Amino acid sequence: RLEEITGRVSLETERRRVVVPVDASAWAQDGGGPGTPLWNVASAAFRARVELLDRGGVGAHPWATDPPKATAAVLARGLRELLELARGRDSLSLWHLIAVLPQELRPQLCTSLSAFYPIPAGVDFDACVAAEANALNRWRSTMSW
């Protein structure tokens, strides 16, 4: 578990890159890679839902070599529960989940996140749903973290 206390760090593998700002943390797993970052003050319930989604909804880290596959219904339910618990500051976790959740779940996630941080002018919603790096980075630049 990496907990950032002075600045910001990026955890990167071939499969995923996460940014962990001060007062946040993320797990990394041998043979897997970095999990979704969370603010240290995130609620226990929100944290549990993020960690479940990170495990693909079924118990193993999704960035492992051969993770088990969750059914679409399990992931959709997990995302729905997560979004019910989310607050504005949880944008750190929500933003990082966009690129790793299945395409069919991203519109719901992007819509919920945009309620806290509207997608900036000139950035296309569909580009965010498609996890296009330029669109996501421009959106991220509007977030307080």
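Structure first, text after, so check above.
Here's what I pulled together on the structure shown here. (Residues numbered from 1 in each chain as written. Predicted model: local features only at pLDDT ≥ 70, side-chain atom pairs only at ≥ 80, totals over all residues. Heavy atoms only, no water.)

## With respect to the environment of Leu-75
Among the structural elements, Leu-75 can be located in helix 2 (residues 72-85). By relative accessible area, Leu-75 is classed as buried at 11%. Remark: the alpha-carbon pair of Leu-75 and Leu-105, spanning 30 residues in sequence, is separated by 8.3 Å. (Helix = DSSP H or I, 4+ residues; strand = E, 2+ residues; numbered from the N terminus. Buried < 20%, exposed > 50% of the residue type's maximum accessible area, 1.4 Å probe, protein only.)

## With respect to the environment of Gly-78
Turning to its location among the elements, Gly-78 is positioned in helix 2. Once the C-alpha coordinates of Gly-78 and Leu-52 are considered, the two residues, 26 residues apart in sequence, prove to be 7.5 Å apart.

## A look at helix 2
Helix length check: helix 2, at 14 residues, gives a terminal C-alpha distance of 20 Å against a target of 20 Å (1.5 Å per residue), a fit within 8%. Taken residue by residue, helix 2 has Leu-75, Ala-76, Gly-78, Leu-79, Leu-82 and Leu-83 as its buried positions. Buried positions in helix 2, seen along its axis, are confined to an arc of 165 degrees and lie on one side of it. When the buried face of helix 2 is taken as reference, the exposed residues oriented beyond 90 degrees from it are Ala-73 and Glu-84. (Expected span 1.5 Å × (residues − 1). Arc of directions from axis to C-beta.)

## Let's talk about the pattern of salt bridges
Enumeration over the complete set of coordinates arrives at four salt bridges. Residues Glu-3 and Arg-1 are paired through a salt bridge, measuring 3.1 Å at the closest nitrogen-oxygen approach. The shortest N-O distance in the salt bridge between Asp-54 and Arg-16 comes to 3.7 Å. Taken together, the positions of Asp-54 in helix 1 (residues 44-54) and Arg-16 in the loop between strand 2 (8-12) and strand 3 (17-21) put the pair 38 residues apart, joining distant regions of the chain. According to the relative accessible area criterion, Arg-16 is buried, its value standing at 5%. (Salt bridge = Lys/Arg side-chain N within 4 Å of Asp/Glu carboxyl O.)

## A look at helix 4 (residues 106-116)
In an α-helix, one turn spans 3.6 residues; hence positions three or four apart end up facing the same way. Buried within helix 4 are the following residues: Arg-106, Leu-109, Cys-110 and Leu-113. The arc enclosing the buried residues of helix 4, seen along the axis, measures out at 95 degrees, which places them on a common side. Where helix 4 is buried, its residues meet helix 2, helix 3 (91-98), helix 5 (125-129) and helix 6 (133-140). (Contact = heavy atoms within 4.5 Å.)

The analysis is restricted to geometry; functional conclusions fall outside its scope.
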